[in-house]
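As a plain string of letters, each chain reads:
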Amino acid sequence: MTVLRALGGAIADYFRLAFSLFLVGPLVVALVVVPEFAQHIAEIHLGMFDSLAAAKIAGQDPLRWAFGYAKIAGLVLAFIASARFWWCRKHGGRWYDPRQFAWGRLLLGFALFMAIGSVGELVPLFTGTKAPIAVPIVASLLSLPFLFVMLAGLFGDRATPLKALILQSWPWLLLLALLLPLGFAPLSWLHGMNHRWALGMPDIAVWALMMFDALVVGLMASSVGAAMFVAYDRFHGRTPR
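Small disclaimer: the values here were computed from a predicted structure and weren't measured.

Rules used throughout
- Residues numbered from 1 in each chain as written.
- Predicted model: local features only at pLDDT ≥ 70, side-chain atom pairs only at ≥ 80, totals over all residues.
- Heavy atoms only, no water.
- Helix = DSSP H or I, 4+ residues; strand = E, 2+ residues; numbered from the N terminus.
- Polar contact = N/O pair within 3.5 Å; in protein donor to acceptor, adjacent residues only side chain to side chain.
- Contact = heavy atoms within 4.5 Å.
- Axes fitted to C-alpha atoms, helices over the stretch in contact; angles between N-to-C directions.
- Parallel < 35°, antiparallel > 145°, perpendicular 65-115°, else oblique.
- Nonpolar A, V, L, I, M, F, W, Y, C, P; charged D, E, K, R; others polar.
- Buried < 20%, exposed > 50% of the residue type's maximum accessible area, 1.4 Å probe, protein only.
- Salt bridge = Lys/Arg side-chain N within 4 Å of Asp/Glu carboxyl O.
- Core = buried A, V, L, I, M, F, W, Y, C linked by side-chain atoms within 4.5 Å.
- Expected span 1.5 Å × (residues − 1).
- Bend = angle between axes of the 7 residues up to and from the residue.

Things to note about the side chain of Ser222
- Examined against the element boundaries, Ser222 turns out to sit in helix H11 (residues 203-237).
- Here Leu219 takes part through its backbone oxygen, which lies 3.1 Å from a polar atom of the side chain of Ser222.
- If we skip the residues at most four places from it in the chain, Ser222 touches Ala18, Leu21, Phe22 and Ser82.

Comments concerning the packing of helix H1 (residues 2-24) against helix H4 (residues 62-91)
- At a closest axis distance of 11 Å, the pairing of H1 and H4 adopts a crossing angle of 80°. Viewed along their axes, H1 and H4 adopt a mutual orientation that is roughly perpendicular. In this structure, H1 contributes Leu17, Ser20, Leu21 and Val24 to the contact, and H4 contributes Ser82, Phe85, Trp86 and Arg89.
- Residue composition of the contact of H1 with H4, grouped by class: five nonpolar, two polar and one charged.

Observations regarding the environment of Ala221
- Its place among the elements puts Ala221 in helix H11.
- Judged by its relative accessible area of 1%, Ala221 is buried.
- In the structure, Ala221 is positioned 142 residues away from Phe79 in sequence and 5.3 Å away in space, judged by C-alpha atoms.
- Residues in contact with Ala221, not counting those within four places in the same chain, are Val32, Leu75, Ala78, Phe79 and Ser82.

Describing the pattern of salt bridges
- By the definition in use, this model includes seven salt bridges.
- When the shortest N-O distance is used, the salt bridge between Arg234 and Asp13 registers 2.7 Å. Of the two residues, Arg234 is situated in helix H11 and Asp13 in helix H1; the sequence distance between them amounts to 221 residues.
- A relative accessible area of 19% places Arg234 in the buried class.
- On the basis of relative accessibility, which here comes to 21%, the residue Asp13 falls in the partly exposed class.
- Note that Arg99 is salt-bridged to Asp97, the shortest N-O span being 3.0 Å.
- Classification of Arg99 as exposed rests on a relative accessible area of 69%.

Observations regarding the nonpolar core
- Ranked by size, the top nonpolar core spans 50 residues in total, and within it Phe148 and Tyr232 carry the most contacts.
- Mapped onto this core, the elements with two or more residues apiece are H1, helix H2 (26-45), H4, helix H8 (145-155), helix H10 (170-198) and H11.
- Considering every element that reaches this core, the biggest residue donor is H11, with 15 residues.
- If you look at the next biggest cluster of nonpolar residues, it comprises eight residues, including Met48, Phe49, Ala198 and Leu209.

A short note on the environment of Trp86
- Within the secondary structure, Trp86 is located in helix H4.
- Sequence separation of Trp86 and Val119 is 33 residues, and the distance between their C-alpha atoms is 34 Å.
- Apart from residues no more than four positions distant in its own chain, Trp86 is found in contact with Leu17, Ser20, Leu21, Val24 and Phe229.

A look at H1
- In a regular helix each residue adds 1.5 Å, so 23 residues correspond to 33 Å; H1 covers 31 Å between its end C-alpha atoms and thus fits that length.
- Along H1, the helix axis deviates most sharply at Ala18, where the bend reaches about 30°.
- Those residues of H1 that sit buried are Ala10, Tyr14, Leu17, Ala18, Ser20 and Leu21.
- Against H2, H4, H10 and H11 lie the buried residues of H1.

Written out as structure tokens, the structure is:
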């Protein structure tokens, strides 16, 4: 029952933070909402929602792709900023100040996460044969704790021992794995459906759907940040330093 209560509390906090960021941290959400809506303006200008055929043509237009790259950059920034926003709100600091990152941990975690996780792909380069299915699976599992090393760097947490980050983070990595798709998966589905629903609709309906869709993407970003914060903060609160 204690585990279930803790899990229920984590899920409740996750949803509360994901939605409340729009009220208490609108500038963070704007990092992705603004470029997302700018892309929608370009899509409407290109006639992307006039028909399915028009959508296929406009979908490959360089103008749409240019705005798409800006949106992707904004989405990644919003992931990072939303997680940092909640960390700094609780532990102090400025979410927008990269000087407060623990850069060594952030870069170490990223490098080892990528290197260990890629072992299965590197095996054929040395052996000339495809790696057994168990190799990439084990490598991916072994790389997971380095996500928390990255998060320690992102949050500027230099106090938690690296050994604890690598060896003691597993329960909270499982929590993170649960939380991440909980909101992101249905929101991603809704994001795709908004574009389908807009096809052939009157202009006013298209504009309304695209404004709504920009907020959906903002919520996707805030949900990822909330998941990272909730999982890491619970680990941080239970780990001796």
